[in-house]
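Listed below are the residues making up each chain.
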Amino acid sequence: GSSKKEGASLLFKLYCLAVLTVMAASYTVLMRFTRTVEGVKYYSTPTVFVTECAKMIITLCILTKEHKGSIRKVSQDLRSNICGKPIEMLKMSVPSIVYAIQNNMTFIGLSNLDAATYQVTYQMKIPCTAL
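Below or above, wherever it landed, is the structure these notes cover.

The rules behind each value
- Residues numbered from 1 in each chain as written.
- Predicted model: local features only at pLDDT ≥ 70, side-chain atom pairs only at ≥ 80, totals over all residues.
- Heavy atoms only, no water.
- Helix = DSSP H or I, 4+ residues; strand = E, 2+ residues; numbered from the N terminus.
- Buried < 20%, exposed > 50% of the residue type's maximum accessible area, 1.4 Å probe, protein only.
- Contact = heavy atoms within 4.5 Å.
- Polar contact = N/O pair within 3.5 Å; in protein donor to acceptor, adjacent residues only side chain to side chain.
- Phe/Tyr/Trp six-rings, centres within 6.5 Å; stacked < 30°, edge-to-face > 60°.
- Salt bridge = Lys/Arg side-chain N within 4 Å of Asp/Glu carboxyl O.

Here we come to the overall build of the protein chain. Counting secondary structure elements, the protein chain contains 6 helices and 0 strands. Reported as C-alpha extents along the three principal axes, the dimensions of the protein chain are approximately 50 × 45 × 35 Å. Expressed as a percentage of its 131 residues, the buried residues of the protein chain come to 11%. At a minimum sequence separation of 6, the contacts of the protein chain that also span at least 24 residues come to 60%.

This part takes up the side chain of Ser44. Checked against the element boundaries, Ser44 lands in helix H2 (residues 44-66). A polar contact of 3.1 Å, which involves the side chain of Ser44, links it to the side chain of Asn104. Dropping the residues within four chain positions of it, Ser44 is found in contact with Arg35, Asn104 and Phe107.

Let us now look at the packing of aromatic side chains. Aromatic ring pairs are described here by two measures, namely the spacing of the ring centres and the angle between the planes. Here the structure, examined in full by the defined rule, presents 2 aromatic pairs. Ring centres of Tyr42 and Phe107 lie 6.0 Å apart, and the angle between their planes is 90 degrees; on these two criteria the pair is classed as edge-to-face. In this pair, Tyr42 sits in the loop between helix H1 (2-36) and H2 while Phe107 sits in helix H4 (residues 86-112), placing the two residues 65 residues apart along the sequence. Overall, Phe107 belongs to the buried group, its relative accessible area being 5%. For the pair Tyr118 and Tyr122, a centre-to-centre distance of 5.5 Å together with 20 degrees between the ring planes defines the contact as stacked. With a gap of 4 residues between them, Tyr118 and Tyr122 both fall in helix H5 (residues 115-123), about one helical turn apart. Among the residues examined, Tyr118 registers a relative accessible area of 8% and is labelled buried.

What follows concerns the pattern of salt bridges. Opposite charge on two side chains permits them to pair, given that their charged atoms come into close proximity. Per the counting criterion, the structure on display carries 2 salt bridges. When the shortest N-O distance is used, the salt bridge between Glu52 and Lys55 registers 3.2 Å. Highlighted residues: Glu52 and Lys55, both in helix H2, separated by 3 residues, approximately one helical turn. Classification of Lys55 as partly exposed rests on a relative accessible area of 34%.

Listed below in structure tokens is the structure:
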């Protein structure tokens, strides 16, 4: 009984690792391609905004599922946790703004560096943060 449950957990972890690895690698390569291809260039700011809106919609769907489809409970939850706690919302807004700036800088970096150099430089933030 217990070992089968642990095996499924390991399989799920490997699946998540594989998906995240493919997603991270393809994100960099595809973004680099779209920033260097000949033709009309697009602005990074609306792209970041649309991406964040998509994340918000997905989050609201998950929250609705957690509340068993009750829009009223979702609305109450959002009101109490966001509007009802302005200091907490202010605390969350600082990393959110920094994250938005970082995403815009990603576009600038990939417009001026090749994908491999960007990826190595981007991943250097992990050991530098650990130090």
